Every structure is written in structure tokens, then in C-alpha cells.
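Structural features, examined
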Amino acid sequence: MVKMVSHGKHIAVIVQQLEKFNPENQSMEDFLNESAKMLQTANVTEEKFVLDTLAGCIEYKSLLDVVVNAFFVRDGKYCLISERNLYIVICYLATFQLEELGFQHFSRIVKSLDTAKMQKFLRFFFNALYLNTWIKDEWSHFYDSQYVKENWIDPLLRWQPKVQQLIDQLTAKLNNHIATRKTSKVTQPQEFNLTVPKPRAIPVPLPIPVLEKTQPVPPSTYKPPKEKKQLEEIKTKNRKKAEDLLLKANANKFRCATVKPEKEENIFLFELQNTQESMKSKQSFQAQKPQSKIDSIPIKLNAAAILREGALYQRKMEQELKRVENLLQGAKDPSEFLEWQKQMRGKDLEEQLAEIECRRLQGKLSYEEAVLAHQNVIQENKKKADLMREKKADLMHQYAEKRLQEQKEMRDLVEQVVEGHKNAKQAKIKLQKYKQQIVQEVCEENRELLRQALEEEEEKLRKRFELIQQIRALESLSSLRHKFVDLTETGGHGLICEMSIVELRERLALLREAQKAAEEEKRDQIIHEKQAKEQLLLDKLDQISVFRAELGRAAALKQEEKKRKSQSGERPMKDERILNLQKKIAEKTMERKKQAELLKVTPQKTSTASRKDSWQWNHWKELEESRERQFKILQYGSTARERNSSENVYQ
């Protein structure tokens, strides 16, 4: 059993020697011989223990690195990397030398080192969960798992209770050391003996500037400019010209612009919802589709379009045949139901339009009532404003007197502050000169350091340039090698598939001929398929032309029937609610105009009122346009529903 005299000194020597070892430059035997010579010269006792520990740490370095690397990742995040070899030595002694050294000597070695570091490492290494799981698995990659368990893991687990007692002793020692530190005296700060600053002087107030008398507002500001009147006259002339041209265009319109009887009912419903003023101002140009048939224009179709249209007509023909079969079997014709459904939807549409018109007129009525209430509020506000002006004049007079007294006090304070500023300027100039002197000294030192660094870099570049020139000179001396190639010989590598270049060329020529024959066969096949496809498209075109002719005749008959129905129809009458609301609105507008004449507003306010009226007129105009859009959407929705219902019935 080895006797340990100075444990800490021996461990420090082992760590120092491990840091010197480099496996790439020297072998383990040479390193141990050099270490033995060094120990003899240094008169180190227990030379055998030191050399055995060094040899074991180098031999089992892969096993020890597994534990130490994991320690630095988990519990030793804040430990120094330079102390890595110290943990390797302790891990080696605990794993391979604990039986030989004995627990007492091992505990002495541990206690001779840093308490906090040893406590943290031993607690990590002698954790039973770690030993049985990942440490055992990692060591099994290098040695047999059974050998690892019997020779290393089981002994460590046997020593684990005693090592746990050692760890508890180290933690108790750390706690006592921390407790003694806490009982040390705490420095008590004392107040600085600072001079009391003098009170700051109050600045002298600046003289109050006297404002010049303002000129009165010229009367031309309240009068509208002449240019505006001229623009309005030009606008009215242009409007008259446009109306004349519109009348001429409507009188001499083309046949393509004739109104369909189908659309006359919709236009009449739309005009009923507008007011009389908007009906006079608006003149709409109603265009119609030309009478020439669009289907007669020849259109060039591609293959996809022909097949798509042929499939569509085929589907329609199947649906028609199915409908005829259903009629033959006793089904009813849905035309009467569709006609009744169309009439009911027309009634619903008229009710919806009447409801929309009622809402619009109710909104206009509430607007007129709001204008009357606003005019009453203006009269009350006028009275309140007169009272406020009188109170404001009294308060302004009191404020002016108070302001004059404050200005006198401020002048006295400004004179005192000016004297204090003169002394502060002199101290500021001295401080600025001292700082400039320090900056000059620092700049000179930086220049000297930069000059030295540039000289060192130039020397390094010169050496590199010389080395590159030498390497290029060696590369330029290339040896000439001449080798004659026989194309009929093989490579001689001993492979089954070896062949000469001549044989390879012959085989490639045969492959090209076979490829050309396959291409010719494929080309003939493609031509036959193309001809069959063209014949199919021609058949489809004939079928499409027949279907188009039949559909054109059916559409013409349907158009004539619609014209007859539209000529016999009558326009609906207005609702009673709409007429009552229009009367109420007319009464409210008359009352509002009378009250506006009594108010006698100033020119500026009248301009703002006229602006408000114009804004309100635009608002109602937008409402009417939105109502028109709603009418068109409802009409479009009803036609779409009719179309869908007819398709569902036929299906």
C-alpha cells in the first residue's frame, strides 16, 4: 500500500505532466521516461505512484473522457476547462486505484484539494442512477459489457455509501465556511462633507412686445368671387347643350338601341323609386344587343373546345331523352309550376322594392325633423354665446393686471441669474483645455502601436511571398512521360466485363442502329393515333353544328313569345304608404325653409349651411344609387333561381 506524504503536491505534478503530453508527437513510453527523469531531478517522493497514475490516465483516456465531458455539460457548466486534467486524475483513482489505495488515503487526497470542486465532481460521478445507465452504456462501446459491469461498475457501487459520507463531510465543510463569511463585519457608509450650493439666481424677464393694431377684415372676403359666377354660367350652358344633344341622340337612335319589352318593366320600376327632381335631371341611354345572330360568326375552335362542347351537347341530349321517357311513363309537365313560381317571385320582388322605398322616405323624413331641431338649437346657442362674451371680457381684464405684476418680479430674478453664469463659463473653459491635452497624448500612443503592427504584417507577407515563389518553381519542373496506347488491348484489370476501345465502338454502333429502328416504329404509331383523333374531332364538329342550329331555332321562338307577353303586361301602381310619406316630407321641407328665412344667418354661416345642404343632397343621391343596385341584385337573383329550379325539375 502506498504511503502518501504530500498528496496535493503529487496530484499537481501529475496534472502538470498530463498537460505536456501530446499523443501526435511522442509515444507513451518516451513520455513516461522523460517524466521519470524529471521526477528524479525534482526529488519527488512516491515516484512509482506518480508514474503509474500517469500511465493509467493515458491508457484509459477514452473512458475517463466520457465521464469528464458529461460533467462539464451537466453539473460543471461554470468550472474552468483548464482544470479538466484534475478531474481526469480523480476519476482514474476512484475507478481503478480505490481498492489498492484504500478509502482513507483516497479521502486524504480528496480533502487536500479544493473542497467545492471535489464535492461537485464526486456527487456527479458516484450517482447510482448515472453508473447503472449511461456511464455503463458508454463504457460498453469500448469494452465488453459484462467485463465493465463486474470489474468497474459493481466496485464503484460497493464504495458508493462510504463515498457518500465523504461527500457529506465536504458539504458540511462548505456550509461552515459560508457561515463564517456571513458573520464578517459589514462596512457602514458615511455621509460626504459636501459644500452647500448657493441658491440659483432668478432670470430677468424679457420685455413684453407691444402688438401692432390689426387691420379690419375687408368686406370682399364675405362676397363670392366673380370667377365662381362665370364658371356656374358656363356650367349651365354646357348642361343645356348636353341635354339638347341627348334629346337628338334619343330621337335618332339606331335600331340596335331599341328597348326590349322585357327590360321596359324593369326600367319603369327603377324610375318609380326616384324622386321627381332626379327624374328630370337624369337622362339614360339604353343600348340593346344588335339583331344579327352571333352564332352565325365563324369561330375557330381547338381540339379541347370541340371535345368539351360535344360532351355538353351529349349531356343535354341525354337529359332531354330522360325527360321524354318520364313523360311517357306518366310524369307531369313542370311548365305550369314554373310559371306560377315566376309570378310569385315577381310579387315578392315588388313588395321588397316597396319596402325599400318606404325605408328611404322614412330616412328622409327623419332628416327633415333633425334639421328643424338643429335650427332650434342654433337660436339657443346664440343667447348663450352673448353671455359668455361678457364674462370673457371681465376675466381678460383681470388676467392682464396679474400678468404685468409677474413680469416685474421676473426681471429681478433674471439679473441675479446672469451674475451666476459668468463664473461657470470660466470653469468650463479650463476643463475643456485639460480634456484636449489628454486626447492628444492618447492619439500619439495609438499611432505608435499601429506603426509597429504594420511592420510586423509586412514582414509576414514578405516571408509568405518567398515561400509561394519556391513552391511555384518546384511545380514548374514537371517530368515528361510518354505512353503509347493500343486500342485493341483491354485494360488488364481482371474484370469479366472488360473490353477494348475498338470493341466498345462496335457495340455502340449496334446500339445506335437499334435505337433508330425503335424511333421509326414509334413515329408510325404516333401518326396513326393522330389521324384517328382528327377523324373523331370532325365527327364532333358535325354533331355540334346540328345542335347549334336546333338551339338557335328554339331561342328565336322563345324571344317572340317574350315579346308577346311584354306587350300585353301592365305597369304596377304606387303603394299608399309611399304616397303618404312623400306628402309628409313635402310639408316638413316647407316648414324648414320658413324657419331658415326667420333665422337670418350671416354670409359665412350661410355658405356653411349651403355646403351642408349640398352634402345632404349627395348623401340622398348615394342612397338612391345603392337602392338601384339592390334592385338589380334582386332581379338577377330571381332570374338565377328560376333557371336553377327549371333545371332541377327537368332532371
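Throughout, a residue's number is its position along its own chain's written sequence, starting from 1. In keeping with the predicted nature of the model, local features appear solely for residues at pLDDT of at least 70, side-chain atom pairs appear and are counted solely at 80 or more, and the whole-chain, interface and lining totals rest on all residues. Here the side-chain values reflect all heavy atoms present in the structure, with hydrogen atoms and water set aside.

Strands are runs of DSSP state E lasting at least 2 residues, helices are runs of H or I lasting at least 4, and numbering of each runs from the N terminus. A count of helices and strands for the protein chain gives 18 helices and 0 strands. By the convention used here, residues are in contact when the closest approach between their heavy atoms is within 4.5 Å. Across the protein chain, the fraction of contacts at a sequence separation of at least 24, relative to all contacts at a separation of at least 6, is 78%. Residue-level accessible areas treat just the shown protein chains as cover; the underlying method is Shrake-Rupley with a 1.4 Å probe. In the form shown here, the protein chain has an accessible surface area of approximately 52,300 Å², with 56% of it arising from carbon and sulfur atoms.

Attention now moves to the packing of aromatic side chains. For any pair of aromatic rings, the description consists of the separation of the ring centres together with the inter-plane angle of the planes. Two aromatic rings, drawn from Phe, Tyr or Trp (for Trp, its six-membered ring), form a pair once their centres lie within 6.5 Å of each other, and the interplanar angle then sorts them: stacked below 30 degrees, edge-to-face above 60, tilted otherwise. In the structure shown here, the tally under the stated rule is 21 aromatic pairs. Taking 5.9 Å as the distance between ring centres and 70° as the angle between the ring planes, the aromatic pair formed by Phe 71 and Phe 72 counts as edge-to-face. Residue class for Phe 72 comes out buried when judged on its relative accessible area of 13%. Aromatic side chains Phe 121 and Phe 125 sit 6.1 Å apart centroid to centroid with 15° between the ring planes, which places their arrangement in the stacked category. Residue Phe 121 and its partner Phe 125 are located together in helix 8 (residues 115-125), separated by 4 residues, close to a single helical turn. The residues Phe 121 and Phe 125 share a single accessibility class, namely buried. Linked through ring pairs, Phe 71, Phe 72, Tyr 87, Phe 121, Phe 124, Phe 125, Phe 126, Tyr 130 and Trp 134 together constitute an aromatic cluster. A ring is scored as having a charge over it whenever the NZ atom of a lysine or the CZ atom of an arginine sits within 6 Å of its centre and within 35 degrees of its normal. The lysine or arginine in question, Arg 74, covers the ring of Tyr 130, its NZ or CZ lying 5.3 Å from the ring centre. Each residue gets one of three labels from its accessible area relative to the maximum for its type: buried under 20%, exposed over 50%, partly exposed in between, using a 1.4 Å probe on protein chains only.

Another point: the packing of helix 1 (residues 7-20) against helix 3 (residues 47-59). Relative orientation of the contacting elements helix 1 and helix 3 amounts to 40°, with a least axis distance of 10 Å. As summarised for this structure, helix 1 and helix 3 are arranged oblique, according to the angle between their axes. Between helix 1 and helix 3 lies a crossing of right-handed hand. Here helix 1 contributes His 10, Val 13, Ile 14, Gln 17 and Leu 18 to the contact with helix 3, which in turn contributes Phe 49, Val 50, Thr 53, Leu 54, Cys 57 and Ile 58. Residue polarity follows a fixed list, in which Ala, Val, Leu, Ile, Met, Phe, Trp, Tyr, Cys and Pro are nonpolar, Asp, Glu, Lys and Arg are charged, and the others, Gly among them, are polar. Counted by class, the contact of helix 1 with helix 3 contains 8 nonpolar, 3 polar and no charged residues. Interaxial angle, 0 to 180 degrees, is taken between N-to-C directions of lines fitted to C-alpha atoms, where a helix line uses only the stretch in contact. Any angle that falls under 35 degrees is termed roughly parallel, while one over 145 is termed roughly antiparallel, one within 65 to 115 roughly perpendicular, and all others oblique. Should the near helix be turned anticlockwise from the far one by less than a right angle, the crossing is left-handed, and should it be turned clockwise, the crossing is right-handed.

In the contact formed by helix 4 (residues 61-73) and helix 9 (residues 128-140), the axes pass within 9 Å of each other and the chain directions differ by 145°. The way helix 4 lies across helix 9 gives a crossing that is right-handed. Contact residues: Leu 63, Val 66, Val 67 and Ala 70 in helix 4; Trp 134, Glu 138 and Trp 139 in helix 9. For the contact of helix 4 with helix 9, the class distribution of residues is 6 nonpolar, no polar and 1 charged.

With that out of the way, let us pick up helix 9. To estimate how far a helix should extend, the number of its residues minus one is multiplied by 1.5 Å. Helix length check: helix 9 (13 residues) gives 17 Å between terminal C-alpha atoms against 18 Å at 1.5 Å per residue, within 8%. To get the bend at a given residue, fit one axis to the seven residues ending there, fit another to the seven starting there, and take the angle between those axes. The largest bend along helix 9 measures about 35° and falls at Trp 134. For helix 9, the full list of buried residues reads Tyr 130, Leu 131, Trp 134, Ile 135 and Trp 139.

Now for the confidence of the model for the protein chain. The predictor's confidence in any single residue is recorded as pLDDT, a number from 0 to 100. Looking at the protein chain as a whole, the pLDDT averages 77, with 79% of positions reaching at least 70. Low pLDDT (under 50) marks residues 1-5, which in the prediction has 12 contacts with non-local residues, meaning those over four places away or in another chain. A low-confidence stretch, residues 602-610 (pLDDT under 50), is modelled with 3 contacts involving residues beyond four sequence positions or located in other chains.

Before going further, it helps to spend a moment on the pattern of salt bridges. We define a salt bridge as a side-chain nitrogen of Lys or Arg found within 4 Å of a carboxyl oxygen belonging to Asp or Glu. Under the counting rule described, the total for this entry stands at 20 salt bridges. Note that Asp 65 is salt-bridged to Lys 61, the shortest N-O span being 2.9 Å. One end of the pair, Asp 65, and the other, Lys 61, are both in helix 4, 4 residues apart, so they sit about a helical turn from each other. Judged by its relative accessible area of 13%, Asp 65 falls in the buried class. In this structure, Arg 389 and Asp 386 form a salt bridge, with 2.7 Å as the shortest nitrogen-oxygen distance. Residue Arg 389 and its partner Asp 386 are both found in helix 15 (residues 335-476); the two are separated by 3 residues, about one turn of the helix. Of the residues examined, Arg 389 reaches a relative accessible area of 55% and is grouped as exposed. One salt-bridge network, held together by shared partners, links Lys 61, Asp 65 and Arg 84.

Among buried residues, those of type Ala, Val, Leu, Ile, Met, Phe, Trp, Tyr and Cys that are joined through side-chain atoms within 4.5 Å constitute a nonpolar core. If you look at the biggest cluster of nonpolar residues, it comprises 63 residues, and the most contacted ones within it are Leu 93, Leu 122, Phe 125 and Trp 139. Apart from the residues within four sequence positions on either side, Trp 139 is in contact with Leu 63, Val 66, Val 67, Thr 95, Phe 125, Val 148, Trp 152 and Ile 153. Counting residues in each nonpolar core, the second largest holds 7 residues, with Cys 358, Leu 361, Leu 365 and Ile 578 among its members.

Before going further, it helps to examine a nonpolar patch on the surface. Patch building starts from residues that exceed 30% relative accessible area and form no salt bridge, then joins like charges within 9 Å and nonpolar side chains (Val, Leu, Ile, Met, Phe, Trp, Tyr) within 5 Å. Judged by side-chain polarity, Leu 431, Tyr 434, Ile 438 and Val 442 come together as a nonpolar surface patch covering roughly 370 Å² of accessible area. On the basis of relative accessible area, Leu 431 is assigned to the partly exposed category, the value being 45%.

This part is about a negative patch on the surface. We treat Lys and Arg as the positive residues and Asp and Glu as the negative residues; His and chain ends play no part in the count. Throughout, a charge is located at the NZ atom of Lys, the CZ atom of Arg, the CG atom of Asp or the CD atom of Glu. Residues Glu 409, Asp 412, Glu 415 and Glu 419 make up a contiguous surface patch of negative charge. Mapping Glu 419 onto the fold places it in helix 15.

Pairs of cysteine sulfur atoms within 2.5 Å are identified as disulfides in what follows. As enumerated under the stated definition, the model contains 0 disulfides in all. The cysteine Cys 91 is free of any disulfide, with Cys 57 supplying the nearest cysteine sulfur at 8.9 Å. Among the residues examined, Cys 91 registers a relative accessible area of 0% and is labelled buried.

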